[in-house]
Amino acid sequence: MARVYIFKRFERFWHWAQAALVVALLLTGFEVHGSYRLLGWERAASLHTSAAWLLIGLWLFAIFWHFTTGEWKQYIPTTEKVFAMLKYYLVGIFSDAPHPFRVTRLSKHNPLQRLAYLLVKVCINPLIWVSGLLYLYYNELGATVFAGPGLGAIALVHTAAAFLMLAFLIAHAYLATTGHTPLAHVKAMITGWEDLDDEPAHEPTRSHT
Amino acid sequence: MQMPMHAAFRTIAVMAAMLMAAAAHGAPDAASAQLLKSTSDHSKFKVLQQDFQSGPEVTKACLSCHTEAARQLQLTQHWKWEFLNPDGRRLGKKNVINNFCTSVASNYAYCTTCHIGYGWKDDQFDFTAQENVDCLICHDTTGNYRKPSGFAGNVVTRDTEFPPGSGKVVKALKLRPIAQEVAKTSRDNCGACHFFGGGGDGVKHGDLDSSLASPDKALDVHMDATGNNFACATCHMTEGHQVPGSRYAPTAVDKGGAHLRGKERTGNPTTCQSCHGQAPHKANLAKLNDHTDKVACQTCHIPAYARGGIATKMAWDWSTAGRMGPDGKPLVKTDAKGRVIYTAAKGHFVLAENVVPEYAWFNGKVTYTLLGDRIEKSDQPTRINHFEGSASDGKSTIWPVKVFRGKQAYDPVNQTLAVLHMAGNDDTAFWTNFNWEKAVAAGMASVGAPFSGQVDFVSTESMWPITHMVAPAQSALKCRDCHASDGRLEKVSGIYIPGRGSDHATWLDGIGWALAALALFGALAHGSGRIFVSRRRT
């Protein structure tokens, strides 16, 4: 079986650090929101702020990395094979049909991934980022810029974005199990190497090691 | 140069001994430790070496040196018991009707026990007579100075039977030793009246009672007798006898910085900000500084009032007053702790210690219901006074308040609060005859107000700012005291408080959790399907 090195070291670090931070932010964020009591409000709020700054720092590095390496092109949306992917997830995956998309170094995300990650990057993240910074600096801006909508409106946007992120996280974590083995994608994200079927189009049976 | 080890030790020992000797020499000797801060020893003044026969005689002696003192005092609220509200209405002790003992009018001889004057026994008192100013009530240091109730603020210098014919004798007071020991005012001086507002220890304010005479740090971080040991005047910085910081003229929001010595001072020196400035929390707690635009310092730093072991009154129902016990004598009831909760003279009380304040937006404006204002008996209590303010007026912060709830006599026909003649050695005083109609008739007549002849009782509320009994920082409120549902600020509207459920957009939370649940359910269903087909295949 062929292997391809698709996730470089920084990318893997970025992914897992981001994953940990997002989980921490969701946990503390919804405690700050008042959905439950876990760490105590004060600790939750303070951890939330610290984690947010780390994530912002990480994003800055990641953005720089994406543009200097050209990896940003991985997120250019395409309509090609979108329906084939949908059909695979809805039908094919249950009948062991061949995966309609073949990972390469230059195209490591399937069309649905491209769309989903692009959505996260251009919609959810900026929404969280902007509303979160406004939330954090409400006092400095509040008197002038945000006298109208107030903290409530900022919190509303931030919370809405958090729910979108939560839904994404759940779906993403599940879809990570849809590789040729349940842990195949996770392994790839850890080691960087993705196993490839030799001739996916002509080989209906996948190895279940 | 190398020095042997033992030689080095010896050198150090000698140097240490020299240093210690120098320090001992520099220590203040016994004489300088007793240095008077005042340049005057009042016991040496000839004019004070006489046997005074009355309070005004002492005052005349004081004024023989302190020529301007009486004139200064006669400008004050302490003297006038009157305050002109910015809305143009006449307030002050002399004019308002509260829901404690209600009014000064028609009860002068009793209420003016706490006046800084001598002889205010009716509405004919001469406010211009300088000798009527009582210097000793604020400057006594002996603790022996007393103005007994019922004497219109006069001191008793001859043994006097009071009330006349009662057989009870009020002992004479020797003024000479008191006059010779005068000094700056202390907590005890202010407390002699202010700790006992409302007719007893801690009754009225809740954040002022006799526990503040010598408080520990936990009770009041500033007045802590073994620590900062502030006097009242440390904050209520008085110049020319003008005492700042009256609740009639409150500073609800102070945007100024900390006052610096030597700089000309404007503004109210009693605010927290006047010493602590606008950003009092350290860098590691900087987020707390972001709260100061909306939350008064007192809100977090006075977690509860009446913390000194003395209960304050929370409610007072006059309507049940006048009951006689089985023995035919006025009934008195006490609670399990031996505190009086009912007297025939005053009705029922609710007492409480360690009281969590209520919270309200406050912009410094206070509106009052005065005699003659039309009131109605309804589900809503009549507001004796009310703190104005809102989240949106840009001038308000959230303040801790004591809300005192009463039920008191009013005239249901003329729809006005009533002036009650409570105390006095006469047929109409309520405390003599327990007859409301007579007491109200006499009270209203004394101020020339109309009275229908009918008395009913109306529920009332008054608000008192909570600003004393500041706790040490570690006892201040924690985030979750307010950042939670059903927290302390649950009822404060107009502001988004993160963590407070009632501020949430329920539709958003509904949709958000549904979306997450849908994602989770979808994943579980899809995953189960995959497991199912893969099992069937093998």
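Bear in mind that the values here come from a model prediction, so they are computed numbers and not experimental data.

### Thoughts on the overall build of chain A
Next, step 1: A tally of helices and strands in chain A yields seven helices and two strands.
Next, step 2: In sequence order, chain A lays out its α and β elements as β-α-α-α-α-α-α-α-β.
Next, step 3: In chain A, buried positions account for 21% of the 209 residues.
Next, step 4: Counted over contacts in chain A with a minimum sequence separation of 6, partners at least 24 positions apart contribute 65%.

### Things to note about the packing of helix α1 (residues 9-33) of chain A against helix α6 (residues 150-175) of chain A
Residue and element names in this part refer to chain A.
Next, step 1: At a minimum axis distance of 11 Å, the contact between α1 and α6 shows a crossing angle of 140°. Regarding the angle of α1 to α6, the classification is oblique. Judged by the sense of rotation from one axis to the other, the crossing of α1 with α6 is left-handed. Residue-level inspection shows V22, L26, G29 and H33 of α1 in contact with α6, the latter providing T159, A162, M165, L166 and L169.
Next, step 2: Taken together, the residues of the contact of α1 with α6 break down into six nonpolar, three polar and no charged.

### So, the interface of chain A and chain B
Next, step 1: Each side of the interface is counted separately: chain A has 23 residues, and chain B has 26 residues.
Next, step 2: Elements that contribute at least two residues to the side of chain A that touches chain B include exactly α1, α2 (41-69) and α6 of chain A.
Next, step 3: Tallying contributions element by element places α6 of chain A first for the side of chain A that touches chain B, with 13 residues.
Next, step 4: Taken together, the residues of the side of chain A that touches chain B break down into 15 nonpolar, seven polar and one charged.

### Some words on the packing of α1 of chain A against α2 of chain A
All names here are of chain A.
Next, step 1: At a minimum axis distance of 8 Å, the contact between α1 and α2 shows a crossing angle of 150°. Considering the angle they form, α1 stands roughly antiparallel to α2. Seen from above, α1 lies across α2 with left-handed handedness. Here F10, W14, A17, Q18, L21, A24, L25, T28, G29, E31 and V32 of α1 lie close against α2, whose contacting residues are W41, A44, A45, L47, H48, A51, A52, L54, L55, L58, A62 and W65.

### A word on unusual backbone geometry
All names here are of chain B.
Next, step 1: A cis amide bond links F162 to the next residue, P163, at an omega of -10°.
Next, step 2: Tracing the sequence through the fold places P163 in the loop between β3 (160-161) and β4 (169-170).
Next, step 3: A positive phi angle is found at T102, which is not glycine, with a value near 75°.
Next, step 4: Along the chain, the position of T102 falls in the loop between β2 (90-91) and α6 (108-111).
Next, step 5: Here Q415, not a glycine, exhibits a phi torsion of approximately 50°, which is positive.
Next, step 6: Within the secondary structure, Q415 sits in the loop between β13 (397-411) and β14 (416-417).
Next, step 7: Taking the C-beta count within 10 Å as the criterion, Q415 has 15 such neighbours and is therefore assigned partly exposed.

### Considerations on α1 of chain A
All names here are of chain A.
Next, step 1: If you check α1, its first and last C-alpha atoms are 35 Å apart, about what 25 residues at 1.5 Å a residue would give, namely 36 Å.
Next, step 2: Looking at the packing, one finds that the buried side of α1 touches α2 and α6.
Next, step 3: Residue G34 follows α1 closely and has a positive phi angle near 100°.

The rules behind the values
Residues numbered from 1 in each chain as written. Chains lettered and ligands numbered in written order. Predicted model: local features only at pLDDT ≥ 70, side-chain atom pairs only at ≥ 80, totals over all residues. Helix = DSSP H or I, 4+ residues; strand = E, 2+ residues; numbered from the N terminus. Buried ≥ 20, exposed ≤ 12 C-beta atoms within 10 Å, placed from the backbone. Contact = placed C-beta atoms within 7 Å. Axes fitted to C-alpha atoms, helices over the stretch in contact; angles between N-to-C directions. Parallel < 35°, antiparallel > 145°, perpendicular 65-115°, else oblique. Left-handed = near helix turned anticlockwise from the far one by under 90°. Nonpolar A, V, L, I, M, F, W, Y, C, P; charged D, E, K, R; others polar. Expected span 1.5 Å × (residues − 1).

As far as function goes, none of this settles anything; it's purely spatial.
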